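Geometric and topological summary
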Amino acid sequence: MVNKQKILIVDDDSNIAELISLYLVKECYDTQIAGDGESALEMFKSFQPDLILLDLMLPGIDGYAVCREIRAKSQVPIIMLSAKGEVFDKVLGLEMGADDYMEKPFDSKELVARVKAVLRRTRMAPAQKEETDDKVVSYPDLEINMTNYSVTYKGQRVEMPPKELELLYFLAASPNHVFTREQLLDQIWGYEYIGDTRTVDVHIKRLREKIKDHEKWKIATIWGIGYKFESV
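Thresholds, definitions, all that
Residues numbered from 1 in each chain as written. Predicted model: local features only at pLDDT ≥ 70, side-chain atom pairs only at ≥ 80, totals over all residues. Heavy atoms only, no water. Buried < 20%, exposed > 50% of the residue type's maximum accessible area, 1.4 Å probe, protein only. Helix = DSSP H or I, 4+ residues; strand = E, 2+ residues; numbered from the N terminus. Arc of directions from axis to C-beta. Contact = heavy atoms within 4.5 Å. Domains from an automatic or database assignment. Buried area = accessible area lost by both parts, 1.4 Å probe. Salt bridge = Lys/Arg side-chain N within 4 Å of Asp/Glu carboxyl O. Expected span 1.5 Å × (residues − 1). Polar contact = N/O pair within 3.5 Å; in protein donor to acceptor, adjacent residues only side chain to side chain. Core = buried A, V, L, I, M, F, W, Y, C linked by side-chain atoms within 4.5 Å. Right-handed = clockwise from strand over helix to strand, strands pointing away.

Quick look at helix α2 (residues 37–47) now. For α2, the full list of buried residues reads Gly 37, Ala 40, Leu 41, Met 43, Phe 44 and Phe 47. Taken around the axis of α2, the buried residues stretch over an arc of 170°, which confines them to a single face. In α2, the exposed residues that point more than 90 degrees away from the buried face are Glu 38, Lys 45 and Ser 46. In the core, the buried residues of α2 are packed alongside β1 (6–10), β2 (30–34), β3 (51–55) and α3 (63–71). Where α2 ends, the next residue or the one after it, Gln 48, has phi of about 50°, a positive value.

Domain assignment breaks the protein into domain 1 (4–122) and domain 2 (134–229). Each side of the interface is counted separately: domain 1 has 16 residues, and domain 2 has 11 residues. For the domain 1 face of the interface with domain 2, the top three residues by lost area are Leu 94, Glu 95 and Arg 121, together amounting to 46%. Counting the contacts that link domain 1 with domain 2 gives 0 salt bridges.

Glancing now at helix α1 (residues 14–26). In this model α1 runs 18 Å from its N-terminal to its C-terminal C-alpha over 13 residues, within 8% of the 18 Å that 1.5 Å per residue would give. Restricting attention to buried positions, one finds in α1 the residues Ala 17, Ile 20, Ser 21 and Leu 24. Within α1, the buried residues cover an arc of 100° as seen down the axis, which keeps them to one side. The exposed set on the far side of α1, more than 90 degrees from its buried face, consists of Asn 15 and Lys 26. For α1, the side-chain oxygen to backbone nitrogen distance between the N-cap and Asn 15 is 3.0 Å, and the N-cap itself is Asp 13.

Our focus in this paragraph is the nonpolar core. The biggest cluster of nonpolar side chains holds 29 residues, and the ones touching the most others in it are Leu 142, Val 151, Leu 168, Ile 211 and Phe 229. Taken together, the elements giving at least two residues each to this core come down to β6 (136–139), β7 (142–145), β8 (150–153), α6 (162–172), α7 (181–189), α8 (198–210), β11 (217–222) and β12 (226–231). Ranked by residues supplied to this core, first place goes to α6 with 6 residues. Discounting residues that sit within four places of it in the chain, Leu 168 has contacts with Ile 144, Val 151, Met 160, Leu 207, Ile 211, Ile 219 and Phe 229. Residues Val 10, Phe 44, Leu 54 and Met 80 belong to the second largest nonpolar core, which totals 22 residues.

Moving on: the pairing of β1. Burial analysis of β1 places 4 of its 5 residues in the buried class, the great majority of the element. Read as a crossover between parallel neighbours, the route from β1 over α1 to β2 is right-handed.

A complete count under the given rule lists 12 salt bridges for this structure. Of the charged contacts in the structure, one is a salt bridge between Lys 116 and Glu 27, with a shortest N-O distance of 3.0 Å. With Lys 116 in helix α5 (residues 108–131) and Glu 27 in the loop between α1 and β2, this pair connects stretches of sequence that are 89 residues apart. Take Lys 116: its relative accessible area is 32%, and that puts it in the partly exposed class. A residue is classified by how much of its surface remains accessible, and Glu 27, at 35% relative accessible area, is partly exposed. Salt-bridge contacts for Asp 100 lead to Arg 114; the nearest nitrogen and oxygen are separated by 3.0 Å. Placement of Asp 100 in strand β5 (residues 100–103) and of Arg 114 in helix α5 is noted, with a sequence separation of 14 residues between them. Asp 100 sits in the buried class, given a relative accessible area of 5%. One network of salt bridges, with partners in common, ties together Asp 11, Asp 55 and Lys 104.

In structure tokens form, the structure reads like this:
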């Protein structure tokens, strides 16, 4: 018997949480509900979910703080749920490590579709790792290894989530080739991804924080178009 994938629902509105749980249980997921940030962190340890649906406006510890705590120790997928629909709020959520962001009120079918899409991408990462024998790109002070999903920068291993690593590898594997944000979104996240091109910008920003420009190479912005890995 195949084990059900586990989803932790974090929302202080019990009606919304129960409704989300009902939709997901019908799709054969195992769910648990936390009504506040402190409970969410405790249940994260005991339940060990495959994905977290995280409301931002929580009593006590808010959703941003919960996301920050979890990201410090785990790369479990997180989809943020919020009534805040401003671009700033979405970008902030993604920058803090969320994999997706949904604005309330949302359609139940779209929520289930996004859950499936995020979990599908998460499941694909180990399979891709097995299929990419000796896929390594090297530059001075930088090595990106898709075989063991590692990045070494100036002799030190740099920890990064799979999507950041895949984006860096894709760019570095085609030096000086300009890719639009749409092309990168399609290549790294897949055609089924329900999101926008700001996702690419957020991941590029994270990469630049971890991998600084080198005299021989850098991640360059091509204004109005997209990005390229510039090598000299």
